[in-house]
Amino acid sequence: MREEPLVSIIIPTYNRAHLIGETLDSVLAQTYENWECIVVDDGSTDTTAELLASYVQKDARYQYHNRPSNRPKGANACRNYGFELSKGKFIQWLDSDDLLKENKLEIQVAKLMVDDPYALATCEWWSFEESTADSFKVDCKSAYLSYKRITNFLDALAQTHGYLPPHTYLSHRTLVSSASMWKEDLHINQDGEFMSRIFVNKPKVIFCDTAVFYRVSSSENTRVISSRMKAVQLIESWDIIKNNLSEIGVDESSRYVRQNLKYLKMNISNSFPDLITETTGKSSYIKYLNLKRWLFKIFKL
């Protein structure tokens, strides 16, 4: 009889009572049944607790926890706490407004168990606003393939959007442990930084014929950064990512780093152009943060 390893689905949430029910239903609809779903609440003030109580009562595979008071506020602390509580052989990250296709776990677990349990399983991602009936597949053709070398996969990402959402992946617990925990002091591009540490382990990438759904807001503008400190943290995140990936020979000469830094520069320029243009020491803000040399180095493409 084929082994059916436990999959831990870890969901951080904050004031998503109006959305998380659909996310939890997509978990319940999985054709693969050996899972645990750990929801960690970041201090919701809406009806999340009451809603989760109904799911826990309905199915014992759901767990509902509050972020411990001694842990910093934020989704990353919730993810780390959820991982500490988890028991699964495989880890499925999931945000509280996104969805899994019903066969996502079944197909990815089967592929990993047959091919290589320590590989990184991927799949397609579809974008939607209100209903998956109106969703569309995000065009990442070169990334929708299997790769024996992680560097080739990163190059494929660079040819598309440079990104797959974290819930497209299914990872072995050992792969997650070796990457260490999510950075709890980082509040933007957390998933990009975390996944870069997964990539450093040089896993084989196995593409699976299934999908996830990524919810976007009709008012969302991904090129707008809401605060100066977030802009600075976005730059910091890419400095960390560059350092992480340099361990496997992915540096400024690689298409992956160059494409993403060009996009970063455009993104920052739209919201806080002085962080890009004032790199000659004239900006007191940059002087204060000691960023002049760093900014010049990171944007020297």
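Here the residue index of a chain counts from 1 through its sequence in written order. With the structure being a predicted model, the display of local features is reserved for residues of pLDDT at least 70 and the display and counting of side-chain atom pairs for 80 or more, all residues being used for whole-chain, interface and lining totals. Excluding hydrogens and water, the side-chain values take into account all heavy atoms of the structure.

(A) How the structure looks around the overall build of the protein. What the protein contains, in helices and strands, is twelve helices and nine strands. The 301 residues of the protein split such that 51% are buried. Whether two residues are in contact is decided by their heavy atoms, any of which lying within 4.5 Å being enough. Considering only contacts in the protein between residues 6 or more positions apart, those separated by 24 or more positions represent 76%. Here the protein displays about 14,300 Å² of accessible surface, and carbon together with sulfur accounts for 49% of that area. Secondary structure elements follow DSSP: runs of H or I of four or more residues count as helices, runs of E of two or more count as strands, with numbering from the N terminus. Relative accessibility thresholds used throughout: buried, under 20% of the residue-type maximum; exposed, over 50%; partly exposed, between the two (1.4 Å probe, protein chains only). With residues, only the protein chains shown are counted as cover, and all accessible areas are computed by Shrake-Rupley using a 1.4 Å probe.

(B) Quick peek at the packing of helix H5 (residues 150-158) against helix H9 (residues 255-271). Axis lines are fitted to C-alpha atoms, over the contacting stretch for helices. Their N-to-C directions set the angle, which ranges from 0 to 180 degrees. The N-to-C vectors of H5 and H9 enclose an angle of 30°; their axes lie 8 Å apart at closest approach. In the packing of H5 onto H9, the handedness of the crossing is left-handed. Of the residues in H9, those touching H5 at Leu154, Asp155, Leu157 and Ala158 are Arg255, Tyr256 and Gln259. Residues are grouped as follows: Ala, Val, Leu, Ile, Met, Phe, Trp, Tyr, Cys and Pro are nonpolar; Asp, Glu, Lys and Arg are charged; all remaining types, including Gly, are polar. Grouping the amino acids of the contact of H5 with H9 by side-chain chemistry returns four nonpolar, one polar and two charged. Left-handed describes a crossing whose near helix is turned anticlockwise from the far helix by less than a right angle; the clockwise case is right-handed.

(C) Layout of the pairing of strand S9 (residues 205-215). Burial of S9 is extensive: nine of the eleven residues sit out of reach of the surface. Where strand S5 (residues 99-100) meets S9, two bridges bridge the pair, whose relative direction is antiparallel. Across the sheet, residue Leu100 finds its bridge partner in S9, namely Val212. As judged from the eight bridges shared by strand S6 (residues 120-128) and S9, these two strands associate in the parallel manner. Bridging across to S9, Trp125 finds its partner in Val212. Two strands pair under a simple rule: DSSP has to find at least two bridges between them.

(D) Layout of H9. To estimate how far a helix should reach, multiply one less than its number of residues by 1.5 Å. The terminal C-alpha atoms of H9, which comprises 17 residues, lie 25 Å apart, in line with the 24 Å expected from a rise of 1.5 Å per residue. For H9, every residue scored as buried is listed here: Tyr256, Val257, Asn260, Leu261, Leu264, Asn267 and Ile268. End-on, the buried residues of H9 take up no more than an arc of 125°, which puts them together on one face. Each C-beta atom gives one direction from the helix axis, and the arc is the one those directions make.

(E) Up close: unusual backbone geometry. A positive phi angle, near 70°, is found at Ser180, a position not held by glycine. Along the chain, Ser180 falls in the loop between helix H6 (173-179) and helix H7 (190-199). The class of Ser180 is partly exposed, set by a relative accessible area of 45%. A positive phi angle, close to 60°, is found at Asn189, a residue other than glycine. Its location among the elements puts Asn189 in the loop between H6 and H7.

(F) Expanded view of the packing of aromatic side chains. Two aromatic rings from Phe, Tyr or Trp, using only the six-membered ring of Trp, form a pair when their centres are within 6.5 Å; if the ring planes differ by under 30 degrees the pair is stacked, by over 60 it is edge-to-face, and anything between is tilted. Under the criterion given, the structure shown has 14 aromatic pairs. With a centroid separation of 5.7 Å and an interplanar angle of 85°, the aromatic rings of Trp93 and Phe194 are classed as edge-to-face. You can see Trp93 sitting in strand S4 (residues 90-93) and its partner Phe194 sitting in helix H7, a full 101 residues away along the chain. For the pair shown, Trp93 and Phe194 are each scored as buried. Note on Phe128 and Phe213: the rings are 6.5 Å apart at their centroids and 85° apart in plane angle, and the pair reads as edge-to-face. With a gap of 85 residues between them, Phe128 in strand S6 and Phe213 in strand S9 connect regions that are remote in the sequence. Each member of the pair Phe128 and Phe213 is classed as buried.

(G) Representation of the packing of helix H8 (residues 228-246) against H9 in the model. Contact geometry of H8 with H9 gives a least axis separation of 11 Å together with a crossing angle of 175°. Relative to H9, the element H8 lies roughly antiparallel. The segment H8 lies against H9, with Ala231, Leu234, Ile235, Trp238, Lys242 and Leu245 engaging Tyr256, Val257, Asn260, Leu261, Leu264, Asn267 and Ile268. Of the residues belonging to the contact of H8 with H9, the class tally is ten nonpolar, two polar and one charged. Put simply, angles under 35 degrees are roughly parallel, angles over 145 are roughly antiparallel, angles from 65 to 115 are roughly perpendicular, and the rest are oblique.

(H) Representation of the nonpolar core. Side-chain atoms within 4.5 Å link the members of a nonpolar core, which is a set of buried Ala, Val, Leu, Ile, Met, Phe, Trp, Tyr and Cys residues. Counting residues in each nonpolar core, the largest one holds 73 residues, and the members touching the most others are Val7, Ile9, Leu24, Cys37, Phe153 and Phe199. With sequence-adjacent residues up to four places away left out, Ile9 is seen in contact with Val27, Trp35, Glu36, Cys37, Ile38, Gln92, Leu94 and Leu105.

In short, geometric facts, not functional conclusions.
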